[in-house]
Amino acid sequence: MPRYSYVNGHYVPHGEAAVHIEDRGFQFADGVYEVISCVSGHFADEVGHLDRLERSLREMRIAMPMPRKALQLVMREFIRRNRIKNAYVYIQVTRGAAPRDFKFPQGDIKPTLVVSAIGCARFDMAERKNLLKKAVTVPDLRWKRRDIKATCLTAQVLAKQMAVDRGAYEALMVDDDGFITEGSSTNAWIVDKKGTLVTRPTDHNDILKGVTRNAIQALCKKEGVKLVERAFTPAEAYKAKEAFITAATTLVMPIVSIDGYKIGDGKLGKLTSKILDFYFDYASDKKRKQEHWTPT
Ligand code: PDD
């Protein structure tokens, strides 16, 4: 556990870090967040996460609490003070603290900015390739602006717990038309019967456009991996050759069972393994130019 968290301009001992009870993040989940993996002291896909943070804030009509460059300095000072090498670093921004009222507060209310972290083990490729996870499907109960990385995560908390209760790692959420949207905190991918990589499109704003997903798409283009964006059902996923999920925290995580159906031969798939390799090379390389993230 890191020793310090950053709250509104101060690095405070983690145990004492707090925001006001009238913070709109606490009262209304009126805020947004980003999670960035710090891999051996390097912020993986930082550019894309900050692109998306700025966009989420714009969509919510919350001001950036400080310019991007200043926030990057805070992030670096934060890992320096905590002597962090490997961690998930969380940036949370809310509309700020104000007397409870549904409408936006008037006057000089400053957004709340919190930077915190959860330490994690050094990424080990060999270990990851042996981590084969199960998923289950659950109804997608979320609001309609799932493209905004908002802090209203009640539906995802319930979905994830349903997965855990059913002995699985991730919940794949299913929309009213019977198609998988995404994982509770991940994007979902399959390799279909023809060997094509498939993931749901993002242009209807009905899923979060993952920064990891975005970079993998760009890398797939360079590596000549055939990829189509289309929605797929649980029934198609059960028969897929391979399946995996992606996020800043999980990076690429193989899924070998969905609702108890074995995916492919129940082992790490060839394409999943290749994507794991090239995404991790990209994410951990300090010198490599990072991909930008755009809304659609
Ligand atoms: N979750 N879809 C949802 C609903 C998510 O919450 C996330 C990320 C993703 C993947 O996005 P990215 O590749 O940018 O991390 C997709 C983070 C990790 C979280 O809330 O912990």
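Here the residue numbering is sequential within each chain, running from 1 through the sequence in written order. Totals for whole chains, interfaces and linings use every residue, but because this is a predicted model, local features are given only for residues with pLDDT of at least 70 and side-chain atom pairs only at 80 or more, for both listing and counting. For side-chain calculations, the full set of non-hydrogen atoms in the structure is used, while hydrogens and water are omitted.

Caption draft 1: A look at the environment of Arg 128. Position of Arg 128 among the secondary structure elements: in helix H4 (residues 125-129). Placed 89 residues apart in sequence, Arg 128 and Val 39 show a C-alpha to C-alpha distance of 14 Å. Not counting residues within four places of it along the chain, the set of residues in contact with Arg 128 comprises Phe 123, Thr 250, Leu 251, Val 252, Met 253, Pro 254 and Leu 276. Here a strand is any run of E in DSSP of at least two residues, a helix any run of H or I of at least four, and the numbering for each starts at the N terminus. Every residue pair with non-hydrogen atoms within 4.5 Å of one another is taken to be in contact.

Caption draft 2: Seen up close, the packing of aromatic side chains. Only Phe, Tyr and Trp rings are paired, with Trp represented by its six-membered ring, and only when their centres lie within 6.5 Å; those with planes under 30 degrees apart are stacked, over 60 edge-to-face, the remainder tilted. With the rule as written, the count across this model stands at 6 aromatic pairs. For the ring pair Tyr 279 and Tyr 282, a centre distance of 5.7 Å and an interplane angle of 45° mean the geometry is tilted. With a gap of 3 residues between them, Tyr 279 and Tyr 282 both fall in helix H8 (residues 270-284), about one helical turn apart. Overall, Tyr 279 belongs to the buried group, its relative accessible area being 2%. On the basis of relative accessibility, which here comes to 3%, the residue Tyr 282 falls in the buried class. Whether a charge sits over a ring comes down to the Lys NZ or Arg CZ being within 6 Å of the ring centre and within 35 degrees of the ring normal. Directly above the ring of Tyr 11 sits Arg 81, whose terminal nitrogen or CZ lies 4.2 Å from the centroid. For the cation-ring pair, Arg 95 lies above Phe 104, with the distance from its terminal atom to the ring centre recorded as 3.6 Å. A 1.4 Å probe rolled over the protein chains alone gives each residue an accessible area, and that area as a share of the maximum for its type sets the label: buried under 20%, exposed over 50%, partly exposed in between.

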